[in-house]
Protein chains: 2
Amino acid sequence: MAMDFEHVKLGILGGGQLGKMLCLAASNWNLSTYVLDPSSDCPAASVCTGFSHGNFRNYEDVLAFGRNVDILTIEIEHVNLQALFHLREEGVLIRPEPHALELIQDKAKQKRFYISEGLPTAGFSVFPGKNSIIAAVESGEIEIPFVQKLSKTGYDGRGVYIVREKKQLRNLLNGESVIEDLVDVKKEISVIVSRNSAGETKCFPPVEMVFNSKANIVEFLISPCELDGALAERACELAELTIQSFNMCGILAVEMFLSEKGEILLNESAPRPHNSGHHTIEAAFTSQYEQCLRSIFDLPPGNTEIKTPSVMINILGQPGFEGDVRYQGFRGCMGVLGAKFHIYGKTQTKPYRKMGHVTVLDDDIERALEKAKFIMGNLRSIA
Amino acid sequence: MAMDFEHVKLGILGGGQLGKMLCLAASNWNLSTYVLDPSSDCPAASVCTGFSHGNFRNYEDVLAFGRNVDILTIEIEHVNLQALFHLREEGVLIRPEPHALELIQDKAKQKRFYISEGLPTAGFSVFPGKNSIIAAVESGEIEIPFVQKLSKTGYDGRGVYIVREKKQLRNLLNGESVIEDLVDVKKEISVIVSRNSAGETKCFPPVEMVFNSKANIVEFLISPCELDGALAERACELAELTIQSFNMCGILAVEMFLSEKGEILLNESAPRPHNSGHHTIEAAFTSQYEQCLRSIFDLPPGNTEIKTPSVMINILGQPGFEGDVRYQGFRGCMGVLGAKFHIYGKTQTKPYRKMGHVTVLDDDIERALEKAKFIMGNLRSIA
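A quick note: this is a predicted structure, and the numbers were derived from the prediction, not measured.

## Side note on the sheet that holds strand S9 (residues 177–181) of chain A
Residue and element names in this part refer to chain A. Strand order in the open sheet formed by 4 strands is S6-S9-S7-S8, and the pairing between neighbours is antiparallel. Here the strands that pair on one side only, and so sit at the sheet edges, are strand S6 (124–127) and strand S8 (160–163). Recorded for the sheet is a direction-independent mean angle of 20° between the axes of neighbouring strands. Bridging between S6 and S9 involves 4 bridges; their strand directions are antiparallel. In the sheet register, Phe-124 faces S9, and the bridge partner there is Glu-180. Its contacts with the sheet put helix H5 (residues 107–116) on S6, strand S7 (146–150), S8 and S9, and the angle it makes with S6 is roughly 145°.

Right, here's the structure in full:
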């Protein structure tokens, strides 16, 4: 496909921070970006070429929006699939392709797909709801501890519940669920891989995600991940196999567990720019956003090497505050050498909402971590 | 001055590529940017928060625009000064300060200022016009070779004429001119320095500007500049002295000559982001645009070290073409590893117009130069 950069219209379903940063990357090449989001003051609204008010989960909204663009991509996977299949019939280029989104939107389908493709993942079963899970525990079919993941609409740690003792069963979430063996995790890692329609794949180096166990959300993202060479290679190989299996064009963030036994298991994948790739904006030769554009426009992948080690932290809405956002401690934190600030422009803060992120660049990763902790303790998103 | 980032309005006089890239940097911090430019399809129009149609050289336009912002800055120095002095009286923060712009707008004033401050610069005299220059040559007051620089409106090599032989005198430009000794130049270098109101100054490492003699425009910008340590220090020291002398807040690009004798002489300064700092977007820990924001918002300066060597080239309008721009060879050049493309979004190309730039990142500077030459030979801005 030959595409004139000067005249192509890129549509993006969703106008959150990922959409915003994708628009900023597109702006460097003077690409025209069109964003569909239900909120007209979403982060991407102020930086895209054209904003459309509407719901990306709604068939009519996506159809009408998609008919006015040449290439349609996403910044969130929970979009209306029917409309995408329809638009594809009409000749709109959809990237990533709707069949891949269909597999990824539903965690039960995603897990079954890994098994069918021979990709390593933790053992699991699928149950229709809370009562069937409790019955399965009582019959001995599943054993505590385990992880419950709702098949649908899980996002940012929501829809995931870890059961370590029997009395927690009463707090199980309701809805179709994947019940997964609780892996004895040594590290959680993520590899972002890209693929274009020529089948070229390319990985960013693996990163380590350090989770805050309370909020089940990434606390620190460390790049590069400390990993022996063979394991790093294995992680990249798995990421490439995964994107090839999905037979998709675009970028895929592949989250994995490194178990205490030294196995790498697929956790879950997201077919779009991802929190675990924010550091690439300043720390790698190519950002994940540019790589996303390269893959959906069928350009050769950019250099994924890192320029400097980094630690990324999310700026989360401070618990206890909800309303019009104010940032406390911003000026003080701006003095931290090598800290790169990204404020997404969300007008409302709420507990644990992703309001921004900071990537700390430092040749010494321990020092980067200290700086990141300082910022985490001093920069607050409050109301 | 304590400034709430969430609510401050930053005004920018001029909406060209420098304004665009300043807006993109501001967007990372969710700052609101307002741009005044006579052209509503200027590069910055699509990425600023609010665009105002008007002429930054016009008193009324600047006054009306400035009254609606909290901080006013520039991306071009040829703006209406009277309006800035007036706005300052009304309490608008003007950065850089109008007194510095006044000295810099006029090359005769700028040169006299360097002399009065004891800053080294090539010998010169000022003449009211073409005839007085010819008379001075005939009387022996000035000697060929020399450089003629119009005092006003010189920009991008326009308004500069090098006289090497007597017969060129007929082509002298008309208007008040600085007539400068032609320095025996070994290298042309540039240092970008920032200063905030606390008086903190910080330099980016010197870069080498390799000029195309035909168009008198930068052909390659090489970072870091190959320079022995004492000379690099001297260049930075001069840049800091210069910004201190101007007593201004903001960033200043200080262009200098390294003479064959090993002297460093000030050439001219620009109190804004500069072509010689584009590489900092990807090659330095802090970009010149972020540094500009830091200095005008009185934040501590960012880390100016470079992450990787680089060669920057401008994408110039191909001679012989004028009209609606098309880019030729873009896809082919996108395969060059480490090349970062910036297309400004100017709708019209014309000979030697700056349409974009490319920064090639490569640990091996020779290889970066080869890649840059390949792109220069293959990426064309035509009509």
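Having seen the structure, we can now continue with the description.
## Overview of the packing of helix H2 (residues 59–66) of chain A against helix H3 (residues 81–89) of chain A
All names here are of chain A. Their axes nearest at 8 Å, the elements H2 and H3 cross at an angle of 30°. When the interaxial angle is binned, H2 and H3 end up roughly parallel. The two elements H2 and H3 meet at a crossing, and its hand is right-handed. Residue-level contacts link Tyr-59, Val-62, Leu-63 and Gly-66 of H2 to Gln-82, Ala-83, Leu-84, His-86 and Leu-87 of H3. Tallied by class, the residues present in the contact of H2 with H3 amount to 6 nonpolar, 3 polar and no charged.

## Observations regarding the interface of chain A and chain B
In many reports, interface size means the accessible area that the parts give up when they come together. Counting from both sides, the interface comprises 43 residues of chain A and, opposite them, 43 residues of chain B. The contact between chain A and chain B buries some 3700 Å² in all, and 52% of this surface belongs to carbon and sulfur atoms. Ranking the residues of chain A by area buried against chain B places Phe285(A), Arg331(A) and Met334(A) at the top, with a combined share of 19%. For the pair chain A and chain B, the number of links is 2 salt bridges. With a shortest N-O distance of 2.8 Å, Lys340(A) and Glu290(B) are connected by a salt bridge. At 5 residues, strand S19 (residues 339–343) of chain A tops the list of elements feeding residues into the side of chain A that touches chain B. Grouping the constituent residues of the side of chain A that touches chain B by class yields 21 nonpolar, 12 polar and 10 charged.

## Remarks on the pattern of salt bridges
Across all of its chains, the model carries 29 salt bridges over all chains by this definition. With a shortest N-O distance of 2.8 Å, Arg294(A) and Glu290(A) are connected by a salt bridge. Pair noted here: Arg294(A) and Glu290(A) are both in helix H9 (residues 288–296), with a separation of 4 residues, about one helical turn. Like Arg294(A), the residue Glu290(A) is buried in the burial classification. For Arg67(B), the salt bridge goes to Glu90(B), with nearest N and O atoms at 2.6 Å. Linking Arg67(B) in the loop between helix H2 (59–66) and strand S4 (71–74) with Glu90(B) in the loop between helix H3 (81–89) and strand S5 (93–94), this pair joins segments that are 23 residues apart in sequence.

## Digging into the sheet that holds strand S9 (residues 177–181) of chain B
Residue and element names in this part refer to chain B. What the 4 strands build is an open sheet, ordered S6-S9-S7-S8; its pairing is antiparallel. Only two strands of the sheet have a single partner each, and these edge strands are strand S6 (124–127) and strand S8 (160–163). Along the sheet, successive strands turn relative to each other by an average axial angle of 20°, direction set aside. Packed onto the sheet, helix H5 (residues 107–116) meets S6, strand S7 (146–150), S8 and S9 and runs at close to 145° relative to S6.

## Topic: the confidence of the model for chain A
For chain A, mean pLDDT is 94; residues scoring 70 or higher make up 97% of the total. Predicted complex metrics record ipTM = 0.94 and pTM = 0.95.

## Brief notes about the pairing of strand S10 (residues 185–195) of chain B
Remark: a regular strand shows side chains that alternate across the two faces of the sheet. All names here are of chain B. By the criterion of burial, S10 is predominantly enclosed, with 9 of the 11 residues buried. By the bridge criterion, 10 bridges tie S10 to strand S14 (residues 250–259) in an arrangement that is antiparallel. Residue Glu-188 lies in a different strand from S14, and its bridge partner there is Phe-257. As paired elements, S10 and strand S12 (residues 207–212) share 3 bridges and run antiparallel to each other. Within S12, the residue paired with Ser-190 across the bridge is Val-207. In the sheet, S10 pairs with strand S11 (residues 201–203) via 3 bridges, with the strands oriented antiparallel. Across the sheet, Val-193 pairs through a bridge with Cys-203, a residue of S11.

## Remarks on helix H6 (residues 130–138) of chain A
Residue and element names in this part refer to chain A. Buried within H6 are the following residues: Ile-133, Ala-136 and Val-137. Buried residues along H6 cover an arc of 100° about the axis, so they all sit on one side. Exposed side of H6, more than 90 degrees from the buried face: Asn-131 and Glu-138 are the residues found there. Looking at the buried residues of H6, the elements they touch are S6, S7 and S9.

## Comments concerning a negative patch on the surface
A cluster of acidic residues, Glu226(A), Asp363(A), Asp364(A), Glu366(A), Glu370(A) and Glu305(B), forms a negative patch at the surface. Here Glu366(A) falls in the exposed class, since its relative accessible area comes to 51%.

## A few points about the relation of the copies chain A and chain B
Of the two same-sequence chains, chain A is brought onto chain B (RMSD 0.0 Å, axial shift 0.0 Å) by a rotation of 180°. Put plainly, the chains are arranged around a two-fold axis. Considering only C-alpha atoms, the residue of chain A closest to the rotation axis is Val47(A), which sits at 2.7 Å. A shared binding surface is used by both copies, with 100% of the interface residues of chain A retained as interface residues in chain B.

## Observations regarding unusual backbone geometry
All names here are of chain A. With an omega of 5°, the peptide bond between Ile-144 and Pro-145 qualifies as cis. Along the polypeptide, Pro-145 turns up in the loop between H6 and S7. Residue Pro-224 follows Ser-223 across a cis peptide bond; omega there is -5°. Here Pro-224 is to be found in the loop between strand S13 (217–223) and helix H7 (229–246). A positive phi is found at Asn-247, a non-glycine position, where the angle reads about 50°. Locating Asn-247 in the fold gives a position in the loop between H7 and strand S14 (250–259). Backbone geometry places Asp-298, a non-glycine residue, at a positive phi of 55°. Secondary-structure assignment places Asp-298 in the loop between H9 and strand S16 (310–316).

## Some details on the packing of aromatic side chains
Residue and element names in this part refer to chain A. Using the criterion set out here, one finds 6 aromatic pairs over all chains in the structure. Ring geometry for Phe-330 against Phe-341: centres 5.3 Å apart, planes inclined by 85°, an arrangement best described as edge-to-face. Note that Phe-330 is positioned in helix H10 (residues 330–333) and Phe-341 in strand S19, a separation of 11 residues in sequence. Each member of the pair, Phe-330 as well as Phe-341, carries the same accessibility label: buried. Site record: aromatic cluster; members linked through ring pairs are Phe-113, Tyr-114 and Phe-246.

## Things to note about the environment of Ile94(B)
All names here are of chain B. As for its position among the elements, Ile-94 is in strand S5. Along the primary structure Ile-94 and Lys-111 are separated by 17 residues, whereas in three dimensions their C-alpha atoms are 23 Å apart. Contact partners of Ile-94, with chain neighbours within four places excluded, come to Leu-72, Leu-84, Leu-87 and Arg-88.

Criteria and cut-off values
- Residues numbered from 1 in each chain as written.
- Chains lettered and ligands numbered in written order.
- Predicted model: local features only at pLDDT ≥ 70, side-chain atom pairs only at ≥ 80, totals over all residues.
- Heavy atoms only, no water.
- Pairing = 2+ DSSP bridges.
- Helix = DSSP H or I, 4+ residues; strand = E, 2+ residues; numbered from the N terminus.
- Axes fitted to C-alpha atoms, helices over the stretch in contact; angles between N-to-C directions.
- Contact = heavy atoms within 4.5 Å.
- Parallel < 35°, antiparallel > 145°, perpendicular 65-115°, else oblique.
- Left-handed = near helix turned anticlockwise from the far one by under 90°.
- Nonpolar A, V, L, I, M, F, W, Y, C, P; charged D, E, K, R; others polar.
- Buried area = accessible area lost by both parts, 1.4 Å probe.
- Salt bridge = Lys/Arg side-chain N within 4 Å of Asp/Glu carboxyl O.
- Buried < 20%, exposed > 50% of the residue type's maximum accessible area, 1.4 Å probe, protein only.
- pLDDT = per-residue confidence, 0-100.
- Arc of directions from axis to C-beta.
- Patch = residues over 30% accessible without salt bridge, like charges linked within 9 Å, V, L, I, M, F, W, Y side chains within 5 Å.
- Areas by Shrake-Rupley, 256 points an atom, 1.4 Å probe, with all protein chains shown as cover.
- Lys, Arg positive; Asp, Glu negative; His and termini not counted.
- Charge placed at Lys NZ, Arg CZ, Asp CG, Glu CD.
- Least-squares fit on C-alpha atoms with pLDDT ≥ 70 in both.
- Phe/Tyr/Trp six-rings, centres within 6.5 Å; stacked < 30°, edge-to-face > 60°.

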